[in-house]
Amino acid sequence: VQLVESGVGLVQPGGSLRLSCAASGFTFSRYVMSWYRQAPGKERELVAGIKYFGSSINYADFVKGRFTISRDNAKNTVYLQMNSLKPEDTAVYYCNAKSADTDYWGQGTQVTVSS
């Protein structure tokens, strides 16, 4: 099983960045896919999640209207489009795949928002 995030970036406040997470080794469409983040000295927190065929999506309040999660089951990939980035969005972003009895994590990718 692998979850490989890409989209490491340094971006200025107000800028945009798209993260990708390519999955392999499990049946992607049967898993809820989510993005979490962890800033230095803080606990890991949920950013956004998307169910199996995109029928249900949820966002943390702090990203609503700015971030968009999507998935492509044909490519076994989940995306996080991040717009209007703020310095407080700086964190390591993690991809997560969850089923009823299984929980997989990617290695994380650093996003830094700074001028």
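Refer to the preceding data block for the structure.
Sequence positions are assigned chain by chain, starting from 1 and proceeding in written order. Side-chain atom pairs in this predicted model are given and counted only at pLDDT of 80 or more, local residue features only at pLDDT of at least 70, and totals for whole chains, interfaces and linings cover all residues. Only hydrogens and water are removed before side-chain values are computed, so all heavy atoms of the structure are retained for them.

Visitor: Can you lay out the pairing of strand β5 (residues 45-50) for me, pointing to particular residues and giving the numbers?
Guide: Consecutive side chains of a regular strand alternate in pointing toward one face of the sheet and then the other. In short, DSSP must find at least two bridges between two strands for them to pair. Secondary structure counts use DSSP, requiring at least four H or I residues in a row for a helix and at least two E residues in a row for a strand, with both numbered from the N terminus. Pairing of strand β4 (residues 32-38) with β5 involves five bridges; the strand directions are antiparallel. Note on β5: the bridge partner recorded for Y36 is L46. Between the end of β4 and the start of β5, which pair antiparallel, lie six residues, with G41 showing a positive phi angle near 75°. Where β5 lies against strand β6 (residues 57-59), three bridges are found, and the strand directions are antiparallel. Its bridge partner being in β6, G49 is matched across the sheet by N58. Remark: six residues form the turn of the hairpin made by β5 and β6, two consecutive strands paired antiparallel; G54 in that turn has positive phi of roughly 80°.

Visitor: Hey, could you go over the environment of K86 for me, with residue numbers and the actual values?
Guide: Tracing the backbone shows K86 in the loop between β8 (77-82) and β9 (91-98). Type-normalised accessible area, obtained with a 1.4 Å probe on protein chains alone, sets the label of each residue: buried when under 20%, exposed when over 50%, and partly exposed for intermediate values. You can call K86 partly exposed: its relative accessible area is 35%. Contacts were defined at the residue level, with two residues in contact if any of their heavy atoms lie within 4.5 Å. The residues contacting K86, other than those within four sequence positions of it, are R66 and V113.

Visitor: Can you tell me about the pattern of salt bridges, naming the residues and giving the values?
Guide: Note on definitions: salt bridges are taken to be side-chain nitrogens of Lys or Arg within 4 Å of carboxyl oxygens of Asp or Glu. Throughout the structure, instances matching the rule amount to four salt bridges. Between D89 and R37 there is a salt bridge, with the nearest N and O atoms lying 2.9 Å from each other. In this pair, D89 sits in the loop between β8 and β9 while R37 sits in strand β4, placing the two residues 52 residues apart along the sequence. A salt bridge links R66 to D89, with the shortest nitrogen-to-oxygen separation between them at 2.7 Å. Placement of the pair is R66 in the loop between β6 and β7 (67-72) and D89 in the loop between β8 and β9, with a sequence separation of 23 residues.

Visitor: Please give an account of the pairing of β7 that cites residues and values.
Guide: Burial along β7 is one-sided: the face carrying F67, I69 and R71 is buried and the face carrying T68, S70 and D72 is not. As defined by bridge partners, β7 adjoins β8 across six bridges and the pair is classed as antiparallel. Across the sheet, the residue bridging to T68 is Q81, located in β8. If you look at the hairpin formed by β7 and β8, you'll find four residues sitting between the two strands, and N76 has a positive phi there, around 55°.

Visitor: Go over the packing of aromatic side chains, please, and point to the residues and values.
Guide: For Phe, Tyr and Trp, where Trp contributes only its six-membered ring, two rings pair if their centres lie within 6.5 Å, and the inter-plane angle classes them as stacked under 30 degrees, edge-to-face over 60, or tilted in between. Taken as a whole, this structure holds five aromatic pairs when the rule is applied. Seen in terms of ring centroids, F26 and Y104 are 5.3 Å apart; in terms of plane orientation they differ by 40°. Their pairing is tilted. With F26 in the loop between β3 (17-24) and β4 and Y104 in strand β10 (residues 103-105), the pair connects residues that are 78 residues apart, well separated along the chain. F26 gets classed as buried once you look at its relative accessible area, which sits at 13%. Given the relative accessible area of 23%, Y104 is considered partly exposed. The interplanar angle of 85° and the centroid separation of 6.5 Å between the aromatic rings of Y94 and W105 together place this pair among those described as edge-to-face. In this pair, Y94 sits in strand β9 while W105 sits in strand β10, placing the two residues 11 residues apart along the sequence. Using a relative accessible area of 13% as the deciding quantity, one classes Y94 as buried. Taken together, F26, Y31 and Y104 form an aromatic cluster joined through their ring pairs. Throughout this description, the term charge over a ring refers to an Arg CZ or Lys NZ atom that lies within 6 Å of the ring centre and within 35 degrees of the ring normal. The side chain of R44 reaches across the aromatic face of Y94, ending 3.7 Å from its centre. The lysine or arginine in question, R71, covers the ring of F28, its NZ or CZ lying 4.5 Å from the ring centre.

Coordinates in, geometry out; function isn't part of it.
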